[in-house]
Amino acid sequence: MDIPRIHTIRESEHRIHNPFTPTKLARLGEVLRLTPGTTALDLGSGSGEMLCTWARDHGLTGTGVDLSPLFTQQARARAVELGVADRVRFIHGDAAGYVSSDGPVDLAACVGATWIGGGVAGTVELLAKSLRPGGIMLIGEPFWHRTPPDQQTAELCDATSPSDFLLLPELLAGFGDLGYDVVQMVLADQDSWDRYQAGHWFTMRTWLDTHPDDEMFAEVRAELSADPARYAQYTREYVGWGVFALRQR
Ligand code: SAH
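Residues numbered from 1 in each chain as written. Predicted model: local features only at pLDDT ≥ 70, side-chain atom pairs only at ≥ 80, totals over all residues. Heavy atoms only, no water.

**Topic: the pairing of strand β2 (residues 61–66)**
A regular strand carries its side chains on alternate faces of the sheet.
Part 1 of the argument: Of all six residues in β2, five are buried; the element is thus mostly enclosed.
Part 2 of the argument: Here strand β1 (residues 39–43) runs beside β2; their pairing, made up of five bridges, is parallel. Residue pairing across strands places T39 opposite T61, the latter belonging to β2.
Part 3 of the argument: The β-α-β motif built from β1, the intervening helix α3 (residues 49–58) and the parallel element β2 has right-handed crossover chirality.
Part 4 of the argument: What joins β2 to strand β3 (residues 88–92) is helix α4 (residues 69–81), and the crossover it makes is right-handed. (Buried < 20%, exposed > 50% of the residue type's maximum accessible area, 1.4 Å probe, protein only. Helix = DSSP H or I, 4+ residues; strand = E, 2+ residues; numbered from the N terminus. Pairing = 2+ DSSP bridges. Right-handed = clockwise from strand over helix to strand, strands pointing away.)

As C-alpha coordinates, then:
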(Lines give C-alpha, C1' and ligand atoms only; values in the text may rest on other atoms or scores of the structure.)
Protein backbone atom coordinates (compact mmCIF):
# COMPACT_ATOMS: atom_id res chain seq x y z
CA MET A 1 0.00 0.00 0.00
CA ASP A 2 1.45 3.32 -1.03
CA ILE A 3 0.52 6.74 -2.41
CA PRO A 4 1.38 7.64 -6.05
CA ARG A 5 5.15 7.90 -6.36
CA ILE A 6 5.09 11.48 -7.66
CA HIS A 7 3.98 12.67 -4.18
CA THR A 8 6.88 10.86 -2.56
CA ILE A 9 9.30 12.40 -5.07
CA ARG A 10 8.00 15.94 -4.44
CA GLU A 11 7.63 15.72 -0.67
CA SER A 12 10.31 13.34 0.62
CA GLU A 13 12.05 16.28 2.32
CA HIS A 14 8.90 17.94 3.70
CA ARG A 15 8.20 17.54 7.40
CA ILE A 16 4.84 19.27 6.96
CA HIS A 17 2.98 18.14 3.84
CA ASN A 18 0.76 21.20 3.73
CA PRO A 19 1.14 24.97 3.26
CA PHE A 20 1.99 25.42 6.93
CA THR A 21 5.30 26.49 8.44
CA PRO A 22 6.60 25.08 11.75
CA THR A 23 5.57 28.41 13.31
CA LYS A 24 1.98 28.02 12.15
CA LEU A 25 1.82 24.42 13.35
CA ALA A 26 3.14 25.56 16.75
CA ARG A 27 0.61 28.43 16.79
CA LEU A 28 -2.19 25.94 16.20
CA GLY A 29 -0.97 23.78 19.08
CA GLU A 30 -0.91 26.85 21.35
CA VAL A 31 -4.38 28.14 20.54
CA LEU A 32 -5.96 24.72 21.19
CA ARG A 33 -5.06 25.07 24.90
CA LEU A 34 -3.83 21.47 25.05
CA THR A 35 -3.15 19.99 28.45
CA PRO A 36 -0.62 17.22 29.23
CA GLY A 37 -2.07 13.77 28.63
CA THR A 38 -4.40 14.93 25.83
CA THR A 39 -5.01 11.90 23.59
CA ALA A 40 -5.08 12.29 19.81
CA LEU A 41 -5.80 10.45 16.58
CA ASP A 42 -4.44 11.85 13.30
CA LEU A 43 -5.71 10.38 10.02
CA GLY A 44 -3.29 11.05 7.16
CA SER A 45 -0.55 11.89 9.64
CA GLY A 46 2.17 12.22 6.97
CA SER A 47 5.63 12.54 8.48
CA GLY A 48 4.14 12.98 11.94
CA GLU A 49 5.24 16.55 12.62
CA MET A 50 2.01 17.58 14.31
CA LEU A 51 1.83 14.68 16.78
CA CYS A 52 5.59 14.65 17.46
CA THR A 53 6.00 18.37 18.12
CA TRP A 54 2.80 18.59 20.15
CA ALA A 55 3.90 15.56 22.19
CA ARG A 56 7.13 17.43 22.91
CA ASP A 57 5.57 20.85 23.53
CA HIS A 58 2.24 19.93 25.17
CA GLY A 59 2.62 16.40 26.52
CA LEU A 60 0.11 14.98 24.04
CA THR A 61 -0.07 11.25 23.33
CA GLY A 62 -1.46 9.82 20.14
CA THR A 63 -1.69 7.66 17.07
CA GLY A 64 -1.20 8.59 13.43
CA VAL A 65 -2.33 6.55 10.43
CA ASP A 66 -0.88 7.09 6.96
CA LEU A 67 -0.83 5.28 3.64
CA SER A 68 2.76 6.23 2.76
CA PRO A 69 5.43 3.83 4.05
CA LEU A 70 8.10 6.51 3.59
CA PHE A 71 6.22 9.21 5.50
CA THR A 72 5.31 6.72 8.26
CA GLN A 73 8.94 5.71 8.60
CA GLN A 74 9.94 9.39 8.73
CA ALA A 75 7.30 10.00 11.42
CA ARG A 76 8.71 7.19 13.58
CA ALA A 77 12.24 8.54 13.14
CA ARG A 78 11.04 12.05 14.07
CA ALA A 79 9.44 10.71 17.25
CA VAL A 80 12.76 9.18 18.27
CA GLU A 81 14.61 12.40 17.34
CA LEU A 82 12.29 14.51 19.50
CA GLY A 83 12.33 12.00 22.38
CA VAL A 84 8.61 11.26 22.21
CA ALA A 85 8.62 7.70 20.81
CA ASP A 86 6.92 6.48 24.00
CA ARG A 87 4.01 8.91 23.47
CA VAL A 88 3.19 8.65 19.77
CA ARG A 89 2.86 5.72 17.42
CA PHE A 90 2.47 5.66 13.66
CA ILE A 91 0.53 2.99 11.80
CA HIS A 92 1.07 2.37 8.11
CA GLY A 93 -2.30 1.78 6.47
CA ASP A 94 -5.42 3.10 4.83
CA ALA A 95 -7.22 5.49 7.18
CA ALA A 96 -10.55 5.20 5.32
CA GLY A 97 -13.00 3.96 7.93
CA TYR A 98 -10.33 3.98 10.67
CA VAL A 99 -11.74 4.30 14.19
CA SER A 100 -9.57 4.62 17.31
CA SER A 101 -8.85 1.19 18.78
CA ASP A 102 -7.99 2.67 22.20
CA GLY A 103 -11.41 4.21 22.80
CA PRO A 104 -12.50 7.82 22.26
CA VAL A 105 -9.73 10.45 22.04
CA ASP A 106 -9.65 14.11 23.13
CA LEU A 107 -8.48 15.36 19.73
CA ALA A 108 -9.31 13.78 16.36
CA ALA A 109 -7.64 15.26 13.28
CA CYS A 110 -7.48 15.00 9.53
CA VAL A 111 -5.23 17.72 8.19
CA GLY A 112 -5.12 18.03 4.43
CA ALA A 113 -6.45 14.58 3.60
CA THR A 114 -10.26 14.80 3.75
CA TRP A 115 -10.60 12.51 0.73
CA ILE A 116 -10.04 9.81 3.38
CA GLY A 117 -13.67 10.30 4.42
CA GLY A 118 -14.93 11.20 0.95
CA GLY A 119 -14.86 14.96 1.63
CA VAL A 120 -15.29 17.29 4.60
CA ALA A 121 -18.70 16.02 5.72
CA GLY A 122 -17.69 12.36 5.53
CA THR A 123 -14.43 13.03 7.34
CA VAL A 124 -16.21 14.90 10.14
CA GLU A 125 -18.53 11.90 10.47
CA LEU A 126 -15.57 9.47 10.50
CA LEU A 127 -13.56 11.44 13.07
CA ALA A 128 -16.64 11.78 15.29
CA LYS A 129 -16.59 7.99 15.79
CA SER A 130 -13.21 8.31 17.56
CA LEU A 131 -13.84 11.53 19.47
CA ARG A 132 -15.00 11.74 23.06
CA PRO A 133 -18.01 13.96 23.78
CA GLY A 134 -16.75 17.54 24.10
CA GLY A 135 -13.49 16.74 22.29
CA ILE A 136 -11.86 18.81 19.59
CA MET A 137 -11.86 17.91 15.92
CA LEU A 138 -9.29 19.34 13.51
CA ILE A 139 -9.96 19.59 9.80
CA GLY A 140 -7.28 20.96 7.45
CA GLU A 141 -8.81 21.97 4.14
CA PRO A 142 -8.31 24.22 1.11
CA PHE A 143 -10.75 26.99 0.20
CA TRP A 144 -10.96 29.52 -2.61
CA HIS A 145 -9.79 33.07 -2.04
CA ARG A 146 -11.89 33.77 -5.11
CA THR A 147 -13.82 31.26 -7.15
CA PRO A 148 -12.02 30.27 -10.35
CA PRO A 149 -13.97 31.53 -13.37
CA ASP A 150 -13.83 28.26 -15.29
CA GLN A 151 -12.83 24.62 -15.27
CA GLN A 152 -9.40 25.23 -16.79
CA THR A 153 -8.46 27.74 -14.11
CA ALA A 154 -9.57 25.29 -11.41
CA GLU A 155 -7.35 22.59 -12.89
CA LEU A 156 -4.40 24.99 -13.02
CA CYS A 157 -5.02 25.49 -9.29
CA ASP A 158 -4.53 21.70 -8.77
CA ALA A 159 -8.28 21.21 -8.26
CA THR A 160 -10.47 18.98 -10.41
CA SER A 161 -13.26 21.58 -10.73
CA PRO A 162 -14.43 24.90 -9.22
CA SER A 163 -16.80 22.90 -7.00
CA ASP A 164 -13.91 21.12 -5.21
CA PHE A 165 -13.61 23.91 -2.66
CA LEU A 166 -15.74 26.63 -1.09
CA LEU A 167 -15.06 30.26 -0.24
CA LEU A 168 -13.90 30.66 3.37
CA PRO A 169 -17.23 32.00 4.70
CA GLU A 170 -19.05 29.10 3.03
CA LEU A 171 -16.61 26.56 4.46
CA LEU A 172 -17.01 28.00 7.96
CA ALA A 173 -20.80 28.12 7.69
CA GLY A 174 -20.76 24.53 6.41
CA PHE A 175 -19.19 23.30 9.66
CA GLY A 176 -22.16 24.87 11.44
CA ASP A 177 -24.53 23.05 9.11
CA LEU A 178 -22.83 19.79 10.17
CA GLY A 179 -23.58 20.65 13.81
CA TYR A 180 -20.18 21.98 14.85
CA ASP A 181 -18.89 25.26 16.25
CA VAL A 182 -15.64 26.54 14.78
CA VAL A 183 -13.62 27.32 17.91
CA GLN A 184 -10.23 28.11 16.38
CA MET A 185 -8.61 28.46 13.01
CA VAL A 186 -5.09 29.04 11.72
CA LEU A 187 -4.79 29.92 8.05
CA ALA A 188 -1.93 29.53 5.60
CA ASP A 189 -0.54 32.74 4.15
CA GLN A 190 1.47 33.38 1.03
CA ASP A 191 4.78 32.78 2.78
CA SER A 192 3.67 29.44 4.22
CA TRP A 193 2.31 28.50 0.78
CA ASP A 194 5.65 29.45 -0.76
CA ARG A 195 7.57 27.31 1.74
CA TYR A 196 5.39 24.30 0.86
CA GLN A 197 5.41 24.76 -2.90
CA ALA A 198 8.96 25.99 -3.38
CA GLY A 199 10.10 23.09 -1.20
CA HIS A 200 8.80 20.83 -3.97
CA TRP A 201 11.02 22.61 -6.51
CA PHE A 202 14.18 22.19 -4.47
CA THR A 203 13.43 18.52 -3.79
CA MET A 204 12.50 17.83 -7.43
CA ARG A 205 15.67 19.50 -8.71
CA THR A 206 17.83 17.42 -6.37
CA TRP A 207 15.92 14.30 -7.40
CA LEU A 208 16.47 15.09 -11.12
CA ASP A 209 20.19 15.52 -10.54
CA THR A 210 20.42 12.11 -8.88
CA HIS A 211 17.90 10.11 -10.99
CA PRO A 212 18.83 10.77 -14.64
CA ASP A 213 17.70 7.32 -15.79
CA ASP A 214 14.49 7.07 -13.78
CA GLU A 215 11.28 6.30 -15.68
CA MET A 216 9.67 9.39 -14.10
CA PHE A 217 12.47 11.75 -15.09
CA ALA A 218 10.58 13.41 -17.99
CA GLU A 219 7.45 13.93 -15.89
CA VAL A 220 9.34 15.49 -13.00
CA ARG A 221 11.46 17.59 -15.40
CA ALA A 222 8.32 18.97 -17.07
CA GLU A 223 6.67 19.71 -13.73
CA LEU A 224 9.69 21.55 -12.35
CA SER A 225 9.95 23.65 -15.52
CA ALA A 226 6.30 24.71 -15.43
CA ASP A 227 5.35 24.75 -11.75
CA PRO A 228 6.84 28.03 -10.47
CA ALA A 229 4.99 30.21 -13.01
CA ARG A 230 1.81 28.12 -12.79
CA TYR A 231 1.83 28.31 -9.01
CA ALA A 232 2.40 32.09 -8.99
CA GLN A 233 -0.42 32.72 -11.44
CA TYR A 234 -2.98 30.27 -10.09
CA THR A 235 -2.62 28.42 -6.76
CA ARG A 236 -0.96 31.37 -5.02
CA GLU A 237 -3.75 33.72 -6.09
CA TYR A 238 -6.80 31.50 -5.81
CA VAL A 239 -6.27 28.85 -3.15
CA GLY A 240 -6.36 29.36 0.59
CA TRP A 241 -5.79 26.70 3.19
CA GLY A 242 -6.40 26.41 6.89
CA VAL A 243 -6.89 24.15 9.87
CA PHE A 244 -10.23 24.52 11.62
CA ALA A 245 -10.88 23.37 15.18
CA LEU A 246 -14.45 22.20 15.75
CA ARG A 247 -16.58 21.26 18.73
CA GLN A 248 -19.91 19.59 18.42
CA ARG A 249 -22.88 21.81 19.36
N1 SAH B 1 -1.41 15.69 7.84
C2 SAH B 1 -0.07 15.60 7.29
C3 SAH B 1 -0.04 15.02 5.88
C4 SAH B 1 -0.92 15.73 4.88
S5 SAH B 1 -0.62 15.23 3.19
C6 SAH B 1 0.60 16.94 7.33
O7 SAH B 1 -0.09 17.96 7.46
O8 SAH B 1 1.83 17.01 7.17
C9 SAH B 1 -1.79 13.95 2.97
C10 SAH B 1 -1.37 12.64 3.61
O11 SAH B 1 -2.41 11.71 3.46
C12 SAH B 1 -0.12 12.01 3.01
O13 SAH B 1 0.80 11.75 4.03
C14 SAH B 1 -0.63 10.70 2.39
O15 SAH B 1 0.33 9.67 2.46
C16 SAH B 1 -1.84 10.43 3.25
N17 SAH B 1 -2.89 9.60 2.67
C18 SAH B 1 -3.42 9.66 1.43
N19 SAH B 1 -4.43 8.78 1.32
C20 SAH B 1 -4.54 8.15 2.53
C21 SAH B 1 -5.39 7.11 3.05
N22 SAH B 1 -6.35 6.55 2.31
N23 SAH B 1 -5.20 6.72 4.34
C24 SAH B 1 -4.21 7.27 5.09
N25 SAH B 1 -3.40 8.25 4.65
C26 SAH B 1 -3.56 8.67 3.39
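Now that the structure has been shown, we can carry on.
**With respect to the pattern of salt bridges**
Part 1 of the argument: Tallied over the full model, the rule gives 15 salt bridges.
Part 2 of the argument: A salt bridge links D227 to R230; the shortest N-O distance between them is 3.0 Å. Here the residue D227 and the residue R230 both occupy positions in helix α9 (residues 217–233), the gap between them amounting to three residues, near one helical turn.
Part 3 of the argument: Residue R230 is classed as buried on the basis of its relative accessible area, which comes to 15%.
Part 4 of the argument: Each of R15, E49, R78 and E81 takes part in a single network of salt bridges with overlapping partners. (Salt bridge = Lys/Arg side-chain N within 4 Å of Asp/Glu carboxyl O.)

**Overview of the site of the ligand**
Part 1 of the argument: The local shell around the ligand holds 19 residues, among which N18, G44, D66, D94 and A95 are the closest.
Part 2 of the argument: Here a nitrogen atom of the ligand sits 2.7 Å away from a polar atom, N or O, in the main chain of G44.
Part 3 of the argument: Between the ligand and V111 there is a distance of 2.9 Å, counted from a nitrogen atom to a backbone nitrogen or oxygen.
Part 4 of the argument: Considered on its own, the ligand offers 570 Å² of accessible surface; in the complex 89% of this is hidden by protein. (Near = heavy atom within 4 Å. Polar contact = N/O pair within 3.5 Å; in protein donor to acceptor, adjacent residues only side chain to side chain. Areas by Shrake-Rupley, 256 points an atom, 1.4 Å probe, with all protein chains shown as cover.)

**Quick word on the sheet that holds strand β7 (residues 239–248)**
Part 1 of the argument: Pairing is mixed in the open sheet, where seven strands are placed in the order β3-β2-β1-β4-β5-β7-β6. Each edge of the sheet is formed by a strand with only one pairing partner; in this case those strands are β3 and β6 (180–187). If you compare each strand with its neighbour and ignore which way they point, the axes differ by 20° on average.
Part 2 of the argument: Here seven bridges tie β6 to β7, and the two strands are oriented antiparallel to one another. Residue D181 lies in a different strand from β7, and its bridge partner there is R247.
Part 3 of the argument: Here helix α2 (residues 22–31) sits on the sheet and contacts β5 (131–144), β6 and β7; the angle it forms with β6, its principal contact strand, is near 150°.
Part 4 of the argument: Of the strands in this sheet, β1, β4 (105–111), β5, β6 and β7 touch helix α5 (residues 120–128), which is tilted by about 160° from β5. (Axes fitted to C-alpha atoms, helices over the stretch in contact; angles between N-to-C directions. Contact = heavy atoms within 4.5 Å.)

**Brief notes about the side chain of H58**
Part 1 of the argument: Structurally, the position occupied by H58 is in helix α3.
Part 2 of the argument: Taking the relative accessible area as the measure of exposure, H58 reaches 17% and is therefore buried.
Part 3 of the argument: When near neighbours in sequence (up to four residues on either side) are disregarded, H58 contacts G29, E30, L34, T35 and P36.

**Concerning the layout of surface pockets**
Summary: where empty space remains is shown by rolling a probe the size of a single water molecule over the atoms.
Part 1 of the argument: In this structure, the second largest pocket occupies an estimated 270 Å³ of space.
Part 2 of the argument: For the second largest pocket, the lining is made up of 14 residues, of which E13, H14, R15, I16 and R195 are closest to its centre.
Part 3 of the argument: The biggest single contributor to the lining of the second largest pocket is helix α8 (residues 190–210), with five residues.
Part 4 of the argument: Its residues assigned to classes, the lining of the second largest pocket comprises five nonpolar, five polar and four charged. (1 Å grid on protein atoms, 1.4 Å probe; cavity = no way out; pocket = protein on both sides within 12 Å on 5 of 7 lines; lining within 4 Å. Points joined across faces, edges and corners; volume = space filled by probe spheres on them. Nonpolar A, V, L, I, M, F, W, Y, C, P; charged D, E, K, R; others polar.)

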